[in-house]
Amino acid sequence: MTPKQVDAYCRRLPAATRTVQWEGVTVFKVGGKMFCLIGPPGHSVARLCFKCPPEHFEALSHAKGFKPAPYLARATWVALEDPSVLTPAETRAYLKQAHAVIAAGLSKKKQAELGLK
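In the annotation of an unreviewed UniProt entry, the protein is listed under the name MmcQ/YjbR family DNA-binding protein and assigned to Reyranella humidisoli.

What follows is the structure, encoded as structure tokens:
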């Protein structure tokens, strides 16, 4: 998926918000918590980074086309260095999962306010 396609997909996820921070990095959040970053070309943030479940981090961060995300690996984020290793459906699945992981970590009250429960 292209960055433009990722942007369009993330905007459609429930209660997702989009901001631009850190010298042009597109940041997607749910409940004020980040779940996906799209870095501009040449930025120190990888082109596409997202949250993954802690139990999948070790394997995914060393899988072909992935690496631990700069600055965010300690919070179990991965960077997709080579988007061609995933089909668009696989990329969407990872992004949906990133959104779900962050949404699940929100308080029950916040989830209800956002219409996530």
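Helix α3 (residues 88-105) packs onto helix α1 (residues 3-12) with a crossing angle of 40° between their chain directions and a minimal axis gap of 11 Å. Between α1 and α3, the angle falls in the class oblique. For the pair α1 and α3, the sense of crossing is right-handed. Between α1 and α3, the contacting residues are V6, Y9 and C10 on the first element and T91, R92, L95 and K96 on the second.

Looking now at the sheet that holds strand β3 (residues 33-38). Spatially, β1-β2-β3-β4-β6-β5 is the arrangement adopted by the 6 strands of the open sheet, whose pairing is antiparallel. Edge positions in the sheet fall to β1 (16-21) and β5 (66-68), since each of these pairs with one other strand and no more. Averaged over all neighbouring strand pairs, the angle between strand axes comes to 30°, with direction disregarded. Here strand β4 (residues 48-51) pairs with strand β6 (residues 77-80) via 3 bridges, running antiparallel. Within β6, the position partnered with C49 by the bridge is A79. Relative to the sheet, α1 contacts β1, β2 (25-30), β3 and β4, its axis offset from that of β3 by approximately 160°.

Cut-offs applied
Residues numbered from 1 in each chain as written. Predicted model: local features only at pLDDT ≥ 70, side-chain atom pairs only at ≥ 80, totals over all residues. Heavy atoms only, no water. Axes fitted to C-alpha atoms, helices over the stretch in contact; angles between N-to-C directions. Helix = DSSP H or I, 4+ residues; strand = E, 2+ residues; numbered from the N terminus. Parallel < 35°, antiparallel > 145°, perpendicular 65-115°, else oblique. Left-handed = near helix turned anticlockwise from the far one by under 90°. Contact = heavy atoms within 4.5 Å. Pairing = 2+ DSSP bridges.

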